[in-house]
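# What the coordinates show
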Amino acid sequence: MPQTYNPQLGREQSYPYEHREEERDWHWGMVINTNRCINCNTCSFACKSTWTSGEGEEYMWWMNVETEPYGGYPMGWDMRLLDDLGPDETIFEAAEDGEQVRGYVAEKEEWEYPALGDDQSHGEYPTGEVVESDPHEEQYHDMWQFYLPRLCNHCKNPACLAACPRQAIYKREEDGIVLLDQERCRGYRRCVKGCPYHKPMYNPETGISEKPVGCFPRIEDGNVPRCVSSCIGKTRLHGNINRGPDAGHPGGVSSAADGRSPINYLVKSDEKIALPLYPQFGTRPQVFYMPPYHVPPEFLTQMFTPNVEEKRNDWPGSTYEESVKIVQQRARDPSHHVLGILQLFGATTRLIETYNVKENRVKGWDRKGKKVVDMPIEEPMEVREGEQWTNQ
Ligand code: SF4
Ligand code: F3S
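### Brief notes about the overall build of the protein
Broken down by element type, the protein carries 10 helices and 15 strands. Relative to the 2.2 N^0.38 estimate, which gives 21 Å for 392 residues, the radius of gyration of the protein is 22 Å and therefore close to what a compact globule would have. When the backbone C-alpha atoms are referred to their principal axes, the protein occupies close to 75 × 60 × 45 Å. Classification of the 392 residues of the protein by burial places 53% in the buried group. Here the analysis covers contacts within the protein between residues at least 6 apart in sequence; of these, 67% occur between residues at least 24 apart. When the accessible surface of the protein is summed, it comes to about 18700 Å², and 46% of that surface belongs to carbon and sulfur atoms.

What follows is the structure in C-alpha cells.
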C-alpha cells in the first residue's frame, strides 16, 4: 500500500490512494467546543429534517450527540474497533487479507438506541460530605459526563472511500467534501463497515448506501452547515481548515483580515486548543474538539490523542496526557486572541473565511471578502453606585 504522511500521528502510514491534501486551497473543517454543548440535539434534528427524513432512513442520524463515557451510536462503536487494533496501528494497517480497511458491521439492535447512555455520569461523590474545591488546584471532577456531537469528519484519508470496491465514493476537488455517488453504488456496504465513525448507512428501501454530505449546497452559497447555524449553544465554528498563516489575501479578501482562517488558528497554531477524535484510526478526521476541562485527562488522552505516550514535537506537553492537560487549561482560561475567536462561534450563518483580533474587537470576512462579523470581545461592565438590594 502507498505511504502518506499523517501529521495527526507524526508518522508515515499506509493508505490505498496517493493524494496531496495539503495542496488544496480549501478544505472543509469544523471546531466544536464541548464545554458549550448542552445535549439539546437541535443539530441532530436540523440535520435529520434536512437530509434523512425519507423512507428507509429511519435510523439514519448523520448528526448525533452522545453522552460520554457511556453513550455511543451505534452502541460501543469506538471501543469495539479500538480493541481490534494493535499498538500504534491504524485501521488501514490492521486490514484483514483481501480488505483495504479494518472495520466491523454493527448489528441491527446496535442501531436501535441513538440516545443510549444519555445523561449517565461516571463516578460518584461520597454522600453526606461537603465537596470543597481549591480554586488554585486543577479541578477535575470525580463524577463527570460530557456531550460529544458526532458527524462525518470529511477525512483527509477517508476510510469509506478506501473501502468501496466500486469507487463510488470520492472527495471533491474544490472543498474536500466526501460524497457517495448513488448512481455508481451497488450496495456492497464496505463503506458502512469501513468508516470507523460509522457515518455511511445502508438504505434497505433503495438497496444502496448514503453518507453525510457536509451540507455542500450551503457551503457553495457561502453559508455554514445546518448543524452549525442551528446550534443554540454556539458550540461550533466551520470553515477552511487549510487556510494557514501564509495564505495571503486571494479573492479580494480585505487586507484588514489576517489571512488565516479562525479554525486553522484553533487547530494548528502554537495555541492549539482543538483536537481530532480518535486520530489513531488514521483517517485524519477534520472535525476538531475543544475538550471538556472538568473531565479527568486520562480519559481524554485515549479519545483525543493517538494513545501512545511518546512526546511529539508539535504537541505542547512532554506526554500526550500532559498535552491534554495544557489544552484543557487553555480552554478553561483562554487567551485574549482565542476569546476573540470564541466570539465568532454562532455569530453569523455566513461562512467566515478570515478574521482578525485587534484590541477589544474581533472581525470576520466571508469568502468574497465581505465583512460579516464586527463585535467587541469583552462587553463593558457597568457597576451601579450606591446601596445594593440584598435578600434580607
Ligand atoms: Fe468517510 Fe467516515 Fe471519514 Fe466521513 S468520517 S469521510 S464517512 S471515513
Ligand atoms: Fe461502495 Fe458503499 Fe456503495 S462500498 S458500492 S458506496 S454501499
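There's more to say after this.
### Quick word on the pairing of strand β14 (residues 361-365)
Here 5 bridges tie strand β13 (residues 354-358) to β14, and the two strands are oriented antiparallel to one another. Within the sheet, the bridge partner assigned to N356 lies in β14 and is K363. The turn joining β13 and β14, which pair antiparallel and follow one another in sequence, is formed by 2 residues; a positive phi near 50° is taken by E359. Pairing of β14 with strand β15 (residues 371-376) involves 5 bridges; the strand directions are antiparallel. Paired with G364 across the two strands is V373, which belongs to β15. Hairpin geometry of β14 and β15 is characterised by an intervening segment of 5 residues between the two adjacent antiparallel strands and by a positive phi of about 85° at G369.

### Comments concerning the nonpolar core
With 73 residues, the main nonpolar core has L277 and F281 as its most contacted residues. With 5 residues, helix α3 (residues 159-163) is the single largest residue contributor to this core. V31, A274, M290 and V362 belong to the second largest nonpolar core, which has 23 residues in total.

### Quick look at empty space enclosed by the protein
Following the criterion strictly, the structure yields 5 cavities of 30 Å³ or more and no others. Its volume calculated, the largest cavity comes out at about 140 Å³. C47, L151, P212, G214 and C215 are the residues nearest the centre of the largest cavity, which is lined by 15 residues in total. Residue assignment for the lining of the largest cavity shows that the elements contributing at least two residues are β3 (28-33) and α1 (42-51). Tallied by class, the residues present in the lining of the largest cavity amount to 13 nonpolar, 2 polar and no charged.

### Observations regarding the sheet that holds β13
Taken in spatial order, the 3 strands of this open sheet run β13-β14-β15, and their pairing is antiparallel. Looking at strand neighbours, the two that pair on one side only are β13 and β15, the edges of this open sheet. The mean inter-strand angle of the sheet, taken between neighbouring strand axes irrespective of direction, is 10°. In this fold helix α10 (residues 336-344) packs onto β13, β14 and β15, with an angle of close to 135° to the strand it touches most, β13.

### Re the site of ligand 2
The local shell around ligand 2 holds 13 residues, among which C164, C185, R189, C191 and S209 are the closest. Partitioning the shell around ligand 2 into residue classes produces 7 nonpolar, 2 polar and 4 charged.

### Points about helix α8 (residues 297-304)
Of all the 8 residues making up α8, 6 are buried; the element is thus mostly covered by neighbouring parts of the structure. Turning to α8, its buried residues are P297, F299, L300, T301, M303 and F304. Against β4 (64-68), α2 (77-82), β5 (146-150), β11 (275-276), β12 (287-290) and α9 (320-332) lie the buried residues of α8.

### Focus: the side chain of E353
Within the secondary structure layout, E353 lies in the loop between α10 and β13. Residue classification places E353 among the buried residues on the basis of a relative accessible area of 4%. For E353, the side chain forms a polar contact with the side chain of R243, separated by 3.0 Å. Beyond its immediate chain neighbours, meaning those up to four positions away, E353 contacts W26, N240, R243, R260, S261, P262, W365, D366 and R367.

### Some words on the site of ligand 1
Around ligand 1 sit C152, N153, H154, C155, A159, C160, V178, C195, Y197, P200 and K211, and that is every residue in its neighbourhood. Counted by class, the shell around ligand 1 contains 8 nonpolar, 2 polar and 1 charged residues.

### Describing α10
For α10, the set of buried residues is V338, G340, I341, L342 and L344. Taken from the residues just after α10, G346 is the one with a positive phi, measuring 70°.

So, how was this worked out
- Residues numbered from 1 in each chain as written.
- Chains lettered and ligands numbered in written order.
- Predicted model: local features only at pLDDT ≥ 70, side-chain atom pairs only at ≥ 80, totals over all residues.
- Heavy atoms only, no water.
- Helix = DSSP H or I, 4+ residues; strand = E, 2+ residues; numbered from the N terminus.
- Rg over C-alpha atoms; globule rule 2.2 N^0.38 Å.
- Buried < 20%, exposed > 50% of the residue type's maximum accessible area, 1.4 Å probe, protein only.
- Contact = heavy atoms within 4.5 Å.
- Areas by Shrake-Rupley, 256 points an atom, 1.4 Å probe, with all protein chains shown as cover.
- Pairing = 2+ DSSP bridges.
- Core = buried A, V, L, I, M, F, W, Y, C linked by side-chain atoms within 4.5 Å.
- 1 Å grid on protein atoms, 1.4 Å probe; cavity = no way out; pocket = protein on both sides within 12 Å on 5 of 7 lines; lining within 4 Å.
- Points joined across faces, edges and corners; volume = space filled by probe spheres on them.
- Nonpolar A, V, L, I, M, F, W, Y, C, P; charged D, E, K, R; others polar.
- Axes fitted to C-alpha atoms, helices over the stretch in contact; angles between N-to-C directions.
- Near = heavy atom within 4 Å.
- Polar contact = N/O pair within 3.5 Å; in protein donor to acceptor, adjacent residues only side chain to side chain.

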